[in-house]
Amino acid sequence: MTTPAIASAPAARPEQTPWRRFVSDFCANKLALLGLVMLVVIVGAALLAPWIAPQNPYDLAALDIMDSKLRPGSASGDGAMRYWLGTDGLARDLLSAILYGMRTSLLVAAVSVLAAFGIGATVGLIAAYFGGRIDALLMRIVDIQLSFPAILVALMLLAILGKGVDKVIIALIVVQWAYFARAARGAALVERGKEYVEAARCMSLGWGRVLFRHVLPNCMPPLIVIATIDLAHAIALEATLSFLGVGVPVSEPSLGMLIYNGFEYLLSGQYWISFFPGIALALAIIAINLVGDHLRDVLNPRNAD
């Protein structure tokens, strides 16, 4: 007598942790992956600029004025190197200048966004947690800040503070913190009435520990999305300020300053001096926006299954 074969149990699927779900959802979008790859390449090239750049564009001893405004692909006068993207009016290799300029643009944007994140998230959490007059006062300040165009506020501040990388960072912090404050307050208002917050209060935990150890981690998804999008906005705003001549000084040029340096040569046919830095700036902004737009979809709780 034969015994019936016992059906084998289906193999257990690996546990779908939040991190695995996030990675799988993000990788499902090819445009987001393309943006991430572009962003990694851009950031890597900027960080490694001293080692991969053909020339130090700010070492005056290495520049030959006879090599100024050479077309892309031209060789230097002594034949020692080839300028694949041409040179600018100061005989600087544009490829090297773009790599070094990208470092300044990314540094200014990253530091300003991180500082604005910290200030804005703190203000928003405090406003939502305490409510009442504190909430009303802080949110009126935020409303006043958001009522002015960012470029106008930045121009006014730099007119007072003067040029400098640190001055530009301060200006960008001032124009960006209110976005994080508004988003943090909205997310914290949802979390404030949940049971874990009430339990923390019953345990007599201080308000600082409740906000930053318990509430803030649950408010991070919308803040991360805003930080990513604001990073692209900060790069564009810094480039605009530098192009207008009120941003970073010539000694620490960014992409905006490189575009400004070539603007006077556009009508004379020497387009590459502004064109290639402009392309680099556009690629950086596009890459960050591609990543940020998909992060907004992936981290949106309404899209969760």
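Basis of the calculations
- Residues numbered from 1 in each chain as written.
- Predicted model: local features only at pLDDT ≥ 70, side-chain atom pairs only at ≥ 80, totals over all residues.
- Heavy atoms only, no water.
- pLDDT = per-residue confidence, 0-100.
- Helix = DSSP H or I, 4+ residues; strand = E, 2+ residues; numbered from the N terminus.
- Expected span 1.5 Å × (residues − 1).
- Bend = angle between axes of the 7 residues up to and from the residue.
- Phe/Tyr/Trp six-rings, centres within 6.5 Å; stacked < 30°, edge-to-face > 60°.
- Buried < 20%, exposed > 50% of the residue type's maximum accessible area, 1.4 Å probe, protein only.
- Core = buried A, V, L, I, M, F, W, Y, C linked by side-chain atoms within 4.5 Å.
- Contact = heavy atoms within 4.5 Å.
- Patch = residues over 30% accessible without salt bridge, like charges linked within 9 Å, V, L, I, M, F, W, Y side chains within 5 Å.
- Areas by Shrake-Rupley, 256 points an atom, 1.4 Å probe, with all protein chains shown as cover.
- Salt bridge = Lys/Arg side-chain N within 4 Å of Asp/Glu carboxyl O.

### Quick word on the confidence of the model for the chain
Taken as a whole, the chain shows an average pLDDT of 85; of its residues, 92% reach a score of 70 or greater. When pLDDT is averaged over each helix and strand of the chain, the minimum, 74, is found for helix 1 (residues 18–27) and the maximum, 93, for helix 4 (residues 94–130).

### Structural notes on unusual backbone geometry
In this structure, Lys 69 is a non-glycine residue whose phi angle is positive, near 55°. As for its position among the elements, Lys 69 is in the loop between helix 3 (49–52) and strand 1 (74–75). Phi is positive for Ala 91, which is not a glycine, with a value near 70°. Along the chain, the position of Ala 91 falls in the loop between strand 2 (82–83) and helix 4.

### A look at helix 7 (residues 165–192)
Relative to the 40 Å expected for 28 residues at 1.5 Å per residue, helix 7 spans 39 Å between its end C-alpha atoms, a close match to the ideal helical length. Gln 176 marks where helix 7 bends most, by close to 35°.

### Observations regarding the packing of aromatic side chains
Each aromatic ring pair is specified by the distance between its two centres and by the angle formed by the two planes. In total, this model carries 9 aromatic pairs according to the counting rule given. Measuring from ring centre to ring centre gives 5.9 Å for Tyr 58 and Tyr 100, while their planes differ by 85°; the resulting arrangement is edge-to-face. Within this pair, whereas Tyr 58 is found in the loop between helix 3 and strand 1, its partner Tyr 100 is found in helix 4, the two being separated by 42 residues in sequence. Given the relative accessible area of 29%, Tyr 58 is considered partly exposed. Arranged with centres 6.1 Å apart and planes meeting at 90°, the rings of Phe 243 and Tyr 260 form a pair that is edge-to-face. Of this pair, Phe 243 sits in helix 10 (residues 220–243) while Tyr 260 is found in helix 11 (residues 255–263), placing the two residues 17 residues apart along the sequence.

### Some words on the nonpolar core
Ranked by size, the top nonpolar core spans 71 residues in total, and within it Met 102, Val 215 and Leu 223 carry the most contacts. The element best represented in this core is helix 4, accounting for 17 residues. Excluding residues within four positions of it along the chain, Leu 223 makes contact with Phe 117, Ala 121, Phe 180, Ala 183, Ala 184 and Leu 216. Counting 5 residues, the second largest nonpolar core, distinct from the first, contains Phe 26, Ala 32, Val 225 and Val 291.

### Here's the deal with a nonpolar patch on the surface
Taken together, the side chains of Phe 263, Leu 266, Leu 267, Tyr 271, Phe 275, Ile 279 and Leu 283 present a nonpolar region at the surface, about 730 Å² in accessible area. Looking at the nonpolar patch, the element that brings in the most residues is helix 12 (residues 272–298), giving 3 residues. Its location among the elements puts Phe 263 in helix 11.

### Here we look at the environment of Ala 97
Mapped onto the fold, Ala 97 is located in helix 4. Here Ala 97 falls in the buried class, since its relative accessible area comes to 0%. For the pair Ala 97 and Leu 138, spaced 41 residues apart in sequence, the C-alpha to C-alpha distance is 43 Å. Dropping the residues within four chain positions of it, Ala 97 is found in contact with Pro 57, Tyr 58 and Leu 258.

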